[in-house]
Amino acid sequence: MISARDLHKRFGHVEVLKGVSLDMGKGDVIAVIGPSGSGKSTFLRCLNHLETIDRGRIDIEGETLVDTDAQGHCRYVGDADIRRICRKMGMVFQQFNLFPHMTVLQNVIEAPITVKRLRREQILPTAERLLAKVGLAEKHASYPSQLSGGQKQRVAIARALAMEPDIMLFDEPTSALDPELTGEVLRTMRQLAEEHMTMLVVTHEMNFAREVANRVIFMDQGELIEDAPAGEFFANPCHPRTRAFLQSML
Ligand SMILES: Nc1ncnc2c1ncn2[C@@H]1O[C@H](COP(=O)(O)OP(=O)(O)OP(=O)(O)O)[C@@H](O)[C@H]1O
Ligand SMILES: [Mg+2]
């Protein structure tokens, strides 16, 4: 579903990604863990073109988004193809990013109407089904400011799903939430995983990584240091930096 090869990214003098590669199959649930500043968000943002890479190659479901030629020039496909390819991925952010002036329902149907050109009556049944799925059917007329953090994040998940993505990217979806609200968002994500959604999840929730992810990758200082099945990753991490990080999380 995703193939990332040797991704490099710098911000000014700081090399944030130093050759990150990842292959992700259909139905994979991969947890991305690592210290603050290690490049986890940048990696996710590069995959769906919220950031551009400087070097490397990204293929999404067999279609090349960007490649680097022999001279080292990074070449993206055309804008229309970028938009089409990136639409295969939905993204959920730490800070929800809901439209504050729109109701819950409007938030969910906005992109299908403006981007996919669906008519309101075409998307309404899907939107209602998705809101019920995340446990918020009765909140469709509320505004984001009237919701708890956990509810906002579940709306954000429903909104991403309304575009019918094949892959969901989550960037620390629960780290802005109080512990008692974290569980309800993780439950929604666990349910998605059980339905075999392909998911790449940056998280500090080690129990989620252990129980829901089938693979865990550890990033440190712009490099992907370890990539292992979840059980193995926690039972027997290979790299000393992974071990040190896991110890610090206990
Ligand atoms: N737009 C930007 N401009 C300049 N530097 C940036 C930008 N975005 C990120 N960085 C830098 O890139 C590095 C990696 O940041 P990134 O947000 O990817 O880390 P992270 O692993 O997601 O960290 P956290 O766990 O704190 O979210 C950091 O040193 C950060 O300061
Ligand atoms: Mg981050």
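Residues numbered from 1 in each chain as written. Chains lettered and ligands numbered in written order. Predicted model: local features only at pLDDT ≥ 70, side-chain atom pairs only at ≥ 80, totals over all residues. Heavy atoms only, no water.

**Student:** Explain the site of ligand 1 to me, please; I cannot follow it from the model alone.
**Tutor:** Looking at ligand 1, the residues that line it are F11, V16, P35, S36, G37, S38, G39, K40, S41, T42 and E172. Within the side chain of T42, one N or O atom sits 2.5 Å away from an oxygen atom of ligand 1. Starting from 640 Å² of accessible surface for ligand 1 in isolation, the protein chains cover 58%. Taken together, the residues that form the shell around ligand 1 break down as three nonpolar, six polar and two charged. (Near = heavy atom within 4 Å. Polar contact = N/O pair within 3.5 Å; in protein donor to acceptor, adjacent residues only side chain to side chain. Areas by Shrake-Rupley, 256 points an atom, 1.4 Å probe, with all protein chains shown as cover. Nonpolar A, V, L, I, M, F, W, Y, C, P; charged D, E, K, R; others polar.)

**Student:** Sorry, what's going on with the sheet that holds strand β2 (residues 14–24) here?
**Tutor:** Hydrogen bonds between backbone groups are what pair the strands of a sheet, and the pairing can be parallel or antiparallel. One open sheet accounts for five strands, arranged β2-β1-β4-β5-β6; its pairing is antiparallel. Looking at strand neighbours, the two that pair on one side only are β2 and β6 (74–76), the edges of this open sheet. Looking at each pair of strands side by side, their axes are set apart by 20° on average, direction ignored. As paired strands, strand β1 (residues 2–11) and strand β4 (residues 55–60) are joined by five bridges and run antiparallel to one another. Paired with S3 across the bridge in β4 is D59. Across the sheet, helix α1 (residues 40–47) touches β1, β2, β4 and β5 (63–68), and the angle it forms with β1 is around 120°. Contacting β4, β5 and β6, helix α2 (residues 79–86) runs over the sheet at an angle of about 120° to β5. (Pairing = 2+ DSSP bridges. Helix = DSSP H or I, 4+ residues; strand = E, 2+ residues; numbered from the N terminus. Axes fitted to C-alpha atoms, helices over the stretch in contact; angles between N-to-C directions. Contact = heavy atoms within 4.5 Å.)

**Student:** Please explain the side chain of T174 as it appears in this structure.
**Tutor:** Checked against the element boundaries, T174 lands in the loop between β8 (167–171) and α6 (179–194). Judged by relative accessible area, which is 5%, T174 ranks as buried. Discounting residues that sit within four places of it in the chain, T174 has contacts with T182, V185, L186 and E205. (Buried < 20%, exposed > 50% of the residue type's maximum accessible area, 1.4 Å probe, protein only.)

**Student:** What exactly am I supposed to notice about the nonpolar core here?
**Tutor:** A general tendency of soluble globular proteins is for nonpolar side chains to be buried together. In this structure, I157, M168, F170, M189 and M199 are the most contacted members of the largest nonpolar core, which totals 50 residues. Among residues more than four places away in sequence, those in contact with M189 are I157, F170, P173, M199, V201 and F208. Counting 29 residues, the second-largest nonpolar core is a separate cluster that includes L7, V32, F43 and I85. (Core = buried A, V, L, I, M, F, W, Y, C linked by side-chain atoms within 4.5 Å.)

**Student:** So what exactly am I meant to see when it comes to the environment of M163 here?
**Tutor:** Note on placement: M163 falls in the loop between α5 (149–161) and β8. As a C-alpha pair, M163 and K88 span 75 residues in sequence and 8.3 Å in three-dimensional space.

**Student:** Hey, could you run me through unusual backbone geometry in this one?
**Tutor:** A negative phi angle characterises most non-glycine residues, just as the trans form characterises most peptide bonds. In the Ramachandran plot, F96 falls in the positive-phi region, its phi being about 65° despite a non-glycine side chain. Considering the arrangement of structural elements, one finds F96 in the loop between β7 (89–92) and α3 (104–114). Overall, F96 belongs to the buried group, its relative accessible area being 11%. Phi is positive for E172, close to 45°, though the residue is something other than glycine. With relative accessibility at 13%, the residue E172 sits in the buried group.

Just distances and angles here, no functional claims.
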